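Structure assessment
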Amino acid sequence: MTIVLAVAAHPDDEVLGCGGTLARHAAEGDDVHVLILAEGAAARGASGNAEIEALGDAAIAAAEALGVHPPRLLGLPDNRLDSLDLLDVVRMVEEIVADVSPGVVYTHHQGDLNVDHQIAFRAALTACRPQPPSPVRNIYTFETPSSTEWAPPDASDAFVPRRFVDISATLERKMAALACYETEMRPFPHARSIEAVEALARWRGATVGVPAAEAFDVVRQRVVG
């Protein structure tokens, strides 16, 4: 059994980026955990805590749809993670890594447009640095529709997938989890629409000859024993 941890900036990022893969891990008997750093609503002008709480409830429902553990919600300020000391964010992620002891970690691509995604990547990578006896063997970064493809086309930071996970059997679970985030989805042809997310999964699958896939870049992959 592999212990898996997804480190996401906002509620819905974990499903958009690697929901099908997390569901596949769970279906194969792996122990799957989700950490969500920011509350995900305040930057849109949410008034009071009702919308933030509703988004947290959606994250819990999405985790259930994927078949993974309920998410750990840190509730940090939305789209303002760069206003916090990076060390403080790293220490929060380190606590979860120490508690969960994952062998595989999924997180955001470092070149995403969204600043919270960039901070999530840096915090996860720092928290999972390979100092003995770190349990983390593999770190993969995912693409997040409406952030990864909207970043400037800088070749040094472009998302170039080197790993594809067949999610043909779990695409339905991914889409069911996205349905829990109804308030976060947008009408087609927005990149964060149900139709566009499914189209991306189909295209990533066609890239490697399967009905549906999720694409990842490889930060670190350690072959053991």
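It should be noted that the structure appears before, not after, this text.
About the cut-offs
- Residues numbered from 1 in each chain as written.
- Predicted model: local features only at pLDDT ≥ 70, side-chain atom pairs only at ≥ 80, totals over all residues.
- Heavy atoms only, no water.
- Phe/Tyr/Trp six-rings, centres within 6.5 Å; stacked < 30°, edge-to-face > 60°.
- Helix = DSSP H or I, 4+ residues; strand = E, 2+ residues; numbered from the N terminus.
- Buried < 20%, exposed > 50% of the residue type's maximum accessible area, 1.4 Å probe, protein only.
- Lys NZ or Arg CZ within 6 Å of the ring centre and 35° of its normal.
- Salt bridge = Lys/Arg side-chain N within 4 Å of Asp/Glu carboxyl O.
- Expected span 1.5 Å × (residues − 1).
- Polar contact = N/O pair within 3.5 Å; in protein donor to acceptor, adjacent residues only side chain to side chain.
- Disulfide = S-S within 2.5 Å.
- Contact = heavy atoms within 4.5 Å.
- Core = buried A, V, L, I, M, F, W, Y, C linked by side-chain atoms within 4.5 Å.

Here we come to the packing of aromatic side chains. Applying the stated criterion across every chain yields a total of 2 aromatic pairs. Considering the side-chain rings of Tyr106 and Tyr140, the 5.6 Å spacing of their centres and the 35° angle between planes classify their relative orientation as tilted. One end of the pair, Tyr106, is in strand β4 (residues 104-108); the other, Tyr140, is in strand β5 (residues 138-142), and 34 residues separate them in sequence. Note on accessibility: Tyr106 and Tyr140 belong to one class, buried. Look at Tyr106 and Phe216: their rings are 5.2 Å apart centre to centre, the planes differ by 50°, and that puts the pair in the tilted class. Separated by 110 residues along the polypeptide, Tyr106 in strand β4 and Phe216 in strand β7 (residues 213-221) bring together distant segments of the chain. There is no split in this pair, since Tyr106 and Phe216 are both buried. Taken together, the ring pairs in this structure connect Tyr106, Tyr140 and Phe216 into an aromatic cluster. Above the ring of Tyr140, the side-chain terminus of Arg163 is found at 4.0 Å from the ring centroid.

All right, on to the pattern of salt bridges then. All told, the structure shown has 8 salt bridges when counted by the stated rule. Residues Asp12 and Arg192 are paired through a salt bridge, measuring 3.9 Å at the closest nitrogen-oxygen approach. Here Asp12, found in the loop between β1 (3-8) and α1 (13-27), pairs with Arg192, found in the loop between α5 (171-179) and α6 (194-208); they are 180 residues apart in sequence, far enough to count as distant. The exposure class assigned to Asp12 is buried, which follows from its relative accessible area of 4%. Judged by its relative accessible area of 16%, Arg192 falls in the buried class. The salt bridge involving Arg72 is made with Asp99; its shortest N-O contact spans 2.8 Å. Taken together, the residues Arg72 in strand β3 (residues 72-76) and Asp99 in helix α3 (residues 86-100) connect sequence positions 27 residues apart.

This paragraph deals with helix α4 (residues 115-127). Taking 1.5 Å per residue as the helical rise, α4 with its 13 residues ought to reach 18 Å, and the 18 Å between its terminal C-alpha atoms agrees with that figure. Every buried residue of α4 is listed here: Asp116, His117, Ile119, Ala120, Phe121, Ala123, Ala124 and Ala127. Of the residues that open α4, the one with a side-chain oxygen 2.8 Å from the backbone nitrogen of Asp116 is Asn114.

What makes a disulfide is a covalent bond joining the sulfur atoms belonging to two cysteines. Evaluation of the coordinates by the stated rule reveals 0 disulfides. Cys128 takes part in no disulfide bond, and the closest cysteine sulfur, belonging to Cys18, lies 14 Å away. What makes Cys128 buried here is its relative accessible area of 0%.

Let us now look at α6. Taking 1.5 Å of rise per residue, 15 residues should cover 21 Å, and α6 covers 22 Å from first to last C-alpha, within 8% of that figure. Buried within α6 we find Ala196, Val197, Ala201, Arg204 and Gly205. Looking at the buried positions of α6, the neighbouring elements they touch are α1, β6 (163-166), α5 and β7. Directly beyond the C-terminal end of α6, a positive phi value near 80° is found at Gly209.

Moving on, we get to the nonpolar core. Counting 37 residues, the largest nonpolar core has Leu22, Val68, Tyr106 and Tyr181 as its most contacted members. Among the secondary structure elements, those contributing two or more residues to this core are β1, α1, β2 (31-38), α2 (50-66), β4, β5, α5 and α6. Sort the elements by how many residues they give to this core and α2 lands first, with 7 residues. The contact partners of Tyr106, leaving out residues within four places of it in the chain, are Val4, Leu5, Ala6, Val7, Cys18, Thr21, Leu22, His25, Tyr140, Phe142, Arg163 and Phe216.

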